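Structural features, examined
Listed here are the chains, written in short residue letters.
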Amino acid sequence: MGPAYCTELTLDELSAALAAADRVKDAAVRESIGKRFAALGADPTLEDVVEMNRAAHR
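Residues numbered from 1 in each chain as written. Predicted model: local features only at pLDDT ≥ 70, side-chain atom pairs only at ≥ 80, totals over all residues. Heavy atoms only, no water.

Comments concerning the packing of helix 2 (residues 23-38) against helix 3 (residues 46-56)
- Between helix 2 and helix 3, the least distance of the axes is 10 Å, while the angle of their chain directions is 145°. Viewed along their axes, helix 2 and helix 3 form a crossing whose handedness is right-handed. Across from V29, I33, R36 and F37 in helix 2, the residues of helix 3 making contact are V49, M52, N53, A55 and A56.
- Class assignment for the residues of the contact of helix 2 with helix 3 results in seven nonpolar, one polar and one charged. (Axes fitted to C-alpha atoms, helices over the stretch in contact; angles between N-to-C directions. Helix = DSSP H or I, 4+ residues; strand = E, 2+ residues; numbered from the N terminus. Left-handed = near helix turned anticlockwise from the far one by under 90°. Contact = heavy atoms within 4.5 Å. Nonpolar A, V, L, I, M, F, W, Y, C, P; charged D, E, K, R; others polar.)

Here we look at the environment of D22
- As for its placement among the helices and strands, D22 is situated in the loop between helix 1 (11-19) and helix 2.
- Linking D22 and A55, residues 33 residues apart in sequence, is a C-alpha distance of 16 Å.

Pasting the structure below:
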């Protein structure tokens with residue numbers, strides 16, 4: 001699901017993104033989210049959080 005998480009994909013793009021999902025990588029990304037979120041600081045904006053999630057899954 002990683003390549004499709006926190007994205008705005010069309011239905012065709014979504015199918016391709018889900019086909020490209022890597023469960024091992026996605027698990028590692030999930031493990032890193034807490035540290036990534038903490039690195040945003042005390043008052044992250046919604047845009048900061050969305051970009052952090054998108055960057056984590058690139």
